[in-house]
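Structural features, examined
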Amino acid sequence: MIVINPDPLDLSYVPDRMFFRDDHIKAITSALIQPSKSKISTNMVIYGPSGTGKTSTIKFIMKSTPSLIYENAASYQNVRQLLEHVLLRLGRPTAYKGMSYNDIFYLMKSSSYASNGIILAIDEASGLIRNDRDGIYNLLRSKEIYNINLSIIIISMENPVLYLERRYGTVIELPFNKYTKPEILDIIRDRSVKSLVPGSCSIEILDFISEISSKFGSARYAIELLQKAAYMAEYRSSTIISADDVVLRYQ
């Protein structure tokens, strides 16, 4: 057996430490988390290529921020459907579908979370921005229109500000750049220590994975390569991961 703790190799895993994203965490905290506590609403977009830590950073912040709610927009056809699900999360179930935005935000304001401010992070939001402009407008201007202390974080691979007109209000932009090879190496070294039998994955193998993944700048890709290579080695009844295990998964 090589994998003794599969969790750190799972793409949904949220680490105890976000490598090389301290500045992003500070920016989100100072621009949204702290102002929200003072009833100041702010909107932000965070964007960058896949595997650059956008979603993981938000979920990391969620650990210490109960007012931060995460939703993946890919599950919804429009903003109204997404907000109806948010109401359920806030303990305010809706009696019927197709509520007005006025009703939705009224119920949201009456939840126990609203007094300290609600921060809603919407992942994979490009589709909603392109297809539901009215919903995005009501969302980003909810403070002015509905008098609710609601801050929005939009998460996207491309910069969604390209699709937002001036009428949507001020939106802070926070890019996530690709990871470098040394950064990827540090990330997967930490994951290997937490998940694999000591000595089963050499630094040379980790460096090889980092080299491959640096072409994409993606820690996600590197973690997935490490995971699949480890299981490939186990399938071979080997006690160590070889370069062939990595290459088989890369091809």
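Refer to the preceding data block for the structure.
Here, residues in each chain are numbered from 1, in the same order as that chain's written sequence. Confidence filtering applies because this is a predicted model: local features only for residues at pLDDT of at least 70, side-chain atom pairs given and counted only at 80 or more, and all residues used for totals across whole chains, interfaces and linings. Think of the side-chain values as coming from all heavy atoms in the structure, minus any hydrogens and water.

1. Comments concerning the pattern of salt bridges
- One speaks of a salt bridge when a side-chain nitrogen belonging to Lys or Arg is within 4 Å of a carboxyl oxygen belonging to Asp or Glu. Counted by the stated rule, this structure contains nine salt bridges.
- Ionic pairing is found between Arg89 and Glu71, a salt bridge with its closest N-O pair at 2.9 Å. Linking Arg89 in helix H3 (residues 79-89) with Glu71 in strand S2 (residues 68-72), this pair joins segments that are 18 residues apart in sequence.
- Through salt bridges with shared partners, a single network forms among Lys181, Asp207 and Glu211. Under the DSSP-based scheme used, a helix requires at least four consecutive residues in state H or I and a strand at least two consecutive residues in state E, with every element numbered from the N terminus.

2. Observations concerning the side chain of Ser200
- Topologically, Ser200 is positioned in the loop between helix H8 (181-195) and helix H9 (203-213).
- Contacts described as polar in this section are N or O atom pairs within 3.5 Å, which, within protein, must combine one atom able to donate a hydrogen with one able to accept it, while residues neighboring in sequence count only if both atoms come from side chains. Of note is the side chain of Ser200, whose polar atom sits 2.6 Å from the backbone oxygen of Val197.
- Two residues qualify as a contact provided that any one of their heavy atoms is within 4.5 Å of a heavy atom in the partner residue. Setting aside chain neighbours within four positions, we find Ser200 in contact with Ile2, Thr239, Ile240 and Ile241.

3. Some details on the packing of aromatic side chains
- Aromatic pairing here means that ring centres of Phe, Tyr or Trp (its six-membered ring) are within 6.5 Å. Orientation follows from the plane angle: under 30 degrees is stacked, over 60 is edge-to-face, and everything else is tilted. Per the stated rule, a full pass over the model turns up five aromatic pairs.
- Summarising the aromatic geometry, the rings of Tyr101 and Phe105 are spaced 6.4 Å apart at their centres and angled 25 degrees between planes, so their arrangement reads as stacked. Of the two residues, Tyr101 and Phe105 both sit in helix H4 (residues 101-109), four residues apart, roughly one turn of that helix. The exposure classification of Tyr101 matches that of Phe105, with both residues buried.
- To sit over a ring, a charge needs its Lys NZ or Arg CZ within 6 Å of the ring centre and within 35 degrees of the ring normal. One Lys or Arg, Lys59, reaches over the ring of Tyr70 and ends 4.7 Å from the middle of that ring.
- Against the face of Tyr101 rests Arg80, its NZ or CZ located 4.3 Å from the ring centre. The buried label applies to any residue whose accessible area, calculated with a 1.4 Å probe on protein chains only, is under 20% of its type's maximum; exposed applies above 50%, and partly exposed to all values in between.

None of the figures reported here should be taken as evidence of function without further support.
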